[in-house]
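Spelled out from the first residue to the last, the chains are:
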Amino acid sequence: VYSYIIRRVLTGILTFLLVGIIAFTLMRLTPGDPAHFFVSERATEAQIEQVRERLGLDRTPVEQFGIWFSGVLRGDLGQSMYMGNRPVTTLFFRRALVSIPLILLGTFFSVILAIPIGVISALKRKIKKNSIVDKVLTFFVLFGISMPDFWFGLLLIFFISVGLGWFPAQGYVRPTENIIEAFRHLALPAIALGYPRAALIARMVRSRMLEVLSLDYIRTARSKGIREMSVIIKHALKNTMIEVLSTIQITIVSIIGGIVVIETVFNLPGFGRLIVDSIGRRDYPVIQGSLLIVGMGIVILSLLTDILYGVFDPRIKYD
Amino acid sequence: MRTKRNLILTVFLISALLLGGAITSLGVMAEEGQYGGTLTFADQEPIVSFDLHSEMRLEELLMLVYEGLTYYDEEFVARPHLATDWEASDDLMTWTFYLREGVEFHDGTPMTADDVIASFDRFMEMGSRAWEFERVESWEAIDDHTVRFYLNEPWAVMPESFALPGGGLAVYPEWLMDEVGTGEIGYDNFLAGTGTGPYTLEEWEPGEVARFVRNENYVGPEYEAGLHAGERKAYLDEIIYRPIEDPATRISALLAGEVDVIRPVPSDDLERLRQDENIEVVISEIGERVYFKLNPNEGVFTDPLLRKAVRAAVNPEEMLSVLGPDEAWRVNTTPRYTVFQQYWDDYTDRYFPMNVELAEYLVEESDYDGEEVRLVYASDTTDDRVTIMLIEALQDIGLNVRGISSDHSTWFETKFELDQWDISHSSGGPEVPVAYLDASSRTRAGDPWSWRDAEFEYWFNETQTTLDHEEYLNAVDNMFRLMYEGNSEIWIGDEMYIVGTADHVRGLTPFDITSKTIFLRNVWVE
């Protein structure tokens, strides 16, 4: 398993380099010159050139990449062109303290919701073809899949925050200030992120459970007189976990993509909004640095998922 | 009996006097405001810098901390601020500004002429609007509270040119200017008490929050506030700024009582907010100017007949009606850079006689041969709606128009590429009477928008060299006339700024949200 991890780490380093090149190149190919944000609409070419020089944009792209990436290798992702020239790492990790709890809560919510729904739906379907419970749960799932995050988020704000006043409509409180308030501010965004993805996982669990419940070893387990709950959880559900695990991994990646919108809707100062705002202003160092960190996060997540496969299925070998 | 009547009369008179006094004092209280409390303000944009030399967005928040020498009042006349007075030599070649005494930076060090000179040094090197001061050849501190500027040609409007806050001359400490040179001012320096304004910056997390606290030692002008100028009473203990980009979230935050003031309110949500008894809506007197630029330097619109055809094809009222209820917009076809209200209606009648037949005739008479007309615009709801109306109007007169939408950055860059567009949709805050500012750029070589005209430059020079207001207005009038005749810009109207406030917010008037700024200096909460 260690050699497998080393191989994956080496692949990760290659991915790191590729993400860096892609992030850098894409930003340079995108129209919109950051220098224009520092001058008035009627600035002369000379003034624009002066700003480009100040920002280091007068160098060739290869030189710019060399300077940036050598900094990255030393752990320096550069400084924002705006925001008082703050270091990208400071900006990103401050925002990550908002986004990571949100990602975890959203994932937790989706898994907690999805697995019981998927299992119950499958069991009911197994017992009776047109079960009402199965139909209701299937509707719940389809509704979630069809609902865009931002729309669901706005509905939550409108009904739960403005209408009932149960949760704040927007904003964020740091856990160090007030942990309960911090949770209250993240609850609705986590639901908005989690529910549509819960629907997807539930659908996966349901179909996989239906498949597993028809297998011979389940019948054998039942004929041995093992308790039904034990059959479902220990024998059936565990065997669906490989697929579910893959789906959860995809869900986390999808949530990372989703927070870009949800952080805007709920006005959360997370790294999703940092990236979007920086793209709008063409703040190259922040965009490149943030994409690099997020890319690496996903590589690590993928590695952890692969290792977890072995926990759920001992037949999986890493050679 | 008489004694009793007298007693009743006396009691009545005393009661009336007391009541009158109470009402008067309440009135005064209401007018003067109450000290204390916190106000939370949400706009759509984050504060990305407090460097007023280069930053032009959210200037009203930056001005709470950093200040300039002069500001405009409601008559659009430059009034004293950090400078208390000024004088020009007879030949308008030397300007002397006298600085307010007793002003301190938030860290307690006094502001002197050396700080102004150091700030002007940096501003001239990297300021967004430094080019407006190209006549200024040298400058020096005469004593601790006097600075002098030496020009290379006469200039009548130097105090006015100092009066615009965004991208203008804000005064920072000399040590800071020496430290940063032409580079960006760093994050820590903004929080180091480097301003002179009525509020100090206590906390700033870009894109997240900015917290301003009342400066108890503030020394500023004492005359009545109007537009940017005048006294700045810091009634509030604290102002918290939180950017909320999404309009629906912004409105929900106000409805839920999480913020006190929001801007902008989309016109579609106007009625919804009005239905809430705890919310008040304030609509500005002057709004965001909606206009289109025709490219007179390259492409089909080098033909003046075709430019005239566009003007004749446009019906401003019809175009603006897509922006929502009538109160959310107003036809205003004066150039963007005037707030001289006397022109508004007059110019609409004189220069917008919509006439489709004339437009079609002009297209036929022009050299236009069915080439594609590229209309570039930055996509957002307002721009999309109005632009679609223009595309339809131009297609109706036989032009082959293609709309090209992009994000703001791309559109902004495209505007500099003269071979990439024929029409550009633009919008922007109304600029104070800076025909001289904006127009001066037209005379600069390399300006992508410029059309040079000897008569225009004559009147432009007149605005720069006369100290007589009537003569100045006459020159401006002539410049506007020539701009219309040039037909390179099609001004449509104003989209009003709409601000939503909680009902406990006081002291915010429609004029205070002119030119896209909200003046929080004299606002208080009950």
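As a reminder, the structure under discussion sits directly above these lines.
Rules behind the numbers
- Residues numbered from 1 in each chain as written.
- Chains lettered and ligands numbered in written order.
- Predicted model: local features only at pLDDT ≥ 70, side-chain atom pairs only at ≥ 80, totals over all residues.
- Heavy atoms only, no water.
- Helix = DSSP H or I, 4+ residues; strand = E, 2+ residues; numbered from the N terminus.
- Areas by Shrake-Rupley, 256 points an atom, 1.4 Å probe, with all protein chains shown as cover.
- Lys, Arg positive; Asp, Glu negative; His and termini not counted.
- Charge placed at Lys NZ, Arg CZ, Asp CG, Glu CD.
- Buried < 20%, exposed > 50% of the residue type's maximum accessible area, 1.4 Å probe, protein only.
- Contact = heavy atoms within 4.5 Å.
- 1 Å grid on protein atoms, 1.4 Å probe; cavity = no way out; pocket = protein on both sides within 12 Å on 5 of 7 lines; lining within 4 Å.
- Points joined across faces, edges and corners; volume = space filled by probe spheres on them.
- Nonpolar A, V, L, I, M, F, W, Y, C, P; charged D, E, K, R; others polar.
- Pairing = 2+ DSSP bridges.
- Buried area = accessible area lost by both parts, 1.4 Å probe.
- Salt bridge = Lys/Arg side-chain N within 4 Å of Asp/Glu carboxyl O.
- Polar contact = N/O pair within 3.5 Å; in protein donor to acceptor, adjacent residues only side chain to side chain.
- Axes fitted to C-alpha atoms, helices over the stretch in contact; angles between N-to-C directions.

A.B. asks: Is there a simple way to explain the overall build of chain A in this structure?
C.D. replies: For chain A, the count of helices and strands is 11 helices and zero strands. Reading the helices (α) and strands (β) of chain A from amino to carboxyl end gives α-α-α-α-α-α-α-α-α-α-α. Once the C-alpha set of chain A is aligned to its principal axes, its extents read approximately 85 × 55 × 35 Å. As displayed, chain A has an accessible area near 15400 Å², and 70% of this comes from carbon and sulfur atoms. Across chain A, the 34 positively charged side chains and the 22 negatively charged ones have centroids separated by 13 Å.

A.B. asks: Can you walk me through the overall build of chain B in this structure?
C.D. replies: Of regular secondary structure, chain B possesses 17 helices and 21 strands. The buried share among the 526 residues of chain B stands at 59%. Contacts in chain B between residues far apart in sequence, at least 24 positions, make up 71% of those at least 6 positions apart. A total accessible area of about 20600 Å² is found for chain B, and carbon and sulfur atoms account for 48% of it.

A.B. asks: Teacher, can you tell me more about empty space enclosed by the protein here?
C.D. replies: If a probe as big as a water molecule is rolled over the atoms, it shows which places are left empty. This model, assessed by the stated rule, comprises seven cavities of 30 Å³ or more. When its volume is computed, the second largest cavity comes out at roughly 60 Å³. Residue lining of the second largest cavity: Phe37, Phe38 and Tyr82 of chain A together with Val48, Ser49, Ser54, Glu55, Arg57 and Glu184 of chain B, and that is the complete set. Within the lining of the second largest cavity, the residues separate by chemical class into four nonpolar, two polar and three charged.

A.B. asks: Explain the layout of surface pockets here, please?
C.D. replies: All names here are of chain A. Quantified by volume, the second largest pocket comes out at close to 580 Å³. Lining the second largest pocket are 24 residues, with Leu55, Gly56, Gly78, Gln79 and Pro285 sitting closest to its centre. Counting residues per element, the ones that place at least two in the lining of the second largest pocket are α1 (2-29), α2 (45-55), α3 (61-73) and α11 (284-312). Residue contributions to the lining of the second largest pocket peak at four residues, all from α3.

A.B. asks: Help me understand the sheet that holds strand β9 (residues 209-214) of chain B in this model?
C.D. replies: Residue and element names in this part refer to chain B. Spatially, β8-β9-β10-β1-β11-β19-β12 is the arrangement adopted by the seven strands of the open sheet, whose pairing is mixed. Each edge of the open sheet carries a strand with a single partner, namely β8 (199-205) and β12 (279-283). By the bridge criterion, two bridges tie strand β11 (residues 261-262) to strand β19 (residues 498-502) in an arrangement that is antiparallel. Bridge pairing in β19 places isoleucine 262 opposite glycine 500.

A.B. asks: What's the story with the interface of chain B and chain A in this structure? I'm lost.
C.D. replies: Accessible area lost upon the coming together of the parts is a frequently used measure of interface size. Contacts between chain B and chain A engage 52 residues on the former and 42 residues on the latter. Between chain B and chain A, a total of about 4000 Å² is buried, with carbon and sulfur atoms accounting for 48% of that surface. It is Glu184, Glu208 and Phe416 of chain B that lose the most area in chain B upon contact with chain A, and together they represent 13% of the buried surface on that side. For arginine 94 of chain A, the salt bridge goes to glutamate 205 of chain B, with nearest N and O atoms at 2.9 Å. Viewed at the interface, chain A and chain B are joined by 12 residue pairs in polar contact (both at pLDDT 80 or more). If you list the elements that add at least two residues to the side of chain B that touches chain A, you get α3 (113-126), α6 (187-190), β8, α7 (247-255), β13 (288-294), α14 (408-415) and α15 (435-442) of chain B. Grouping the amino acids of the side of chain B that touches chain A by side-chain chemistry returns 22 nonpolar, 11 polar and 19 charged.

A.B. asks: It is not clear to me how unusual backbone geometry should be interpreted in this structure. Could you clarify?
C.D. replies: Looking along the chain, the bond that leaves arginine 263 of chain B and enters proline 264 of chain B is cis, with omega of -10°. Position of proline 264 of chain B relative to the elements: it lies in the loop between β11 and α8 (270-274). Backbone geometry at asparagine 267 of chain A places phi at a positive 50°, although glycine is not the residue there. Of note, asparagine 267 of chain A is situated in the loop between α9 (228-265) and α10 (271-281). With a phi angle near 55°, arginine 282 of chain A is a residue other than glycine that sits in the positive phi range.

A.B. asks: When you look at the sheet that holds strand β7 (residues 146-151) of chain B in this model, what are you seeing that I'm missing?
C.D. replies: All names here are of chain B. Spatial strand order, β4-β5-β7-β6: four strands in an open sheet with antiparallel pairing. Two strands bound the open sheet, and with one partner strand each, they are β4 (83-88) and β6 (136-143). When the angles between neighbouring strand axes are averaged without regard to direction, this sheet yields 20°. Here five bridges tie β4 to strand β5 (residues 94-99), and the two strands are oriented antiparallel to one another.

A.B. asks: What is the right way to read the pattern of salt bridges from this model?
C.D. replies: Close approach of charged atoms allows side chains of opposite charge to pair. In this structure the tally under the stated criterion is 28 salt bridges over all chains. With a closest N to O distance of 3.2 Å, arginine 94 of chain A and glutamate 208 of chain B form a salt bridge. Taken together, the positions of arginine 94 of chain A in helix α4 (residues 88-127) and glutamate 208 of chain B in the loop between β8 and β9 put the pair across two chains. Judged by relative accessible area, which is 12%, glutamate 208 of chain B ranks as buried. Among the charged side chains, a salt-bridge network with shared partners connects Arg86, Arg94 and Arg174 of chain A together with Glu205 and Glu208 of chain B.

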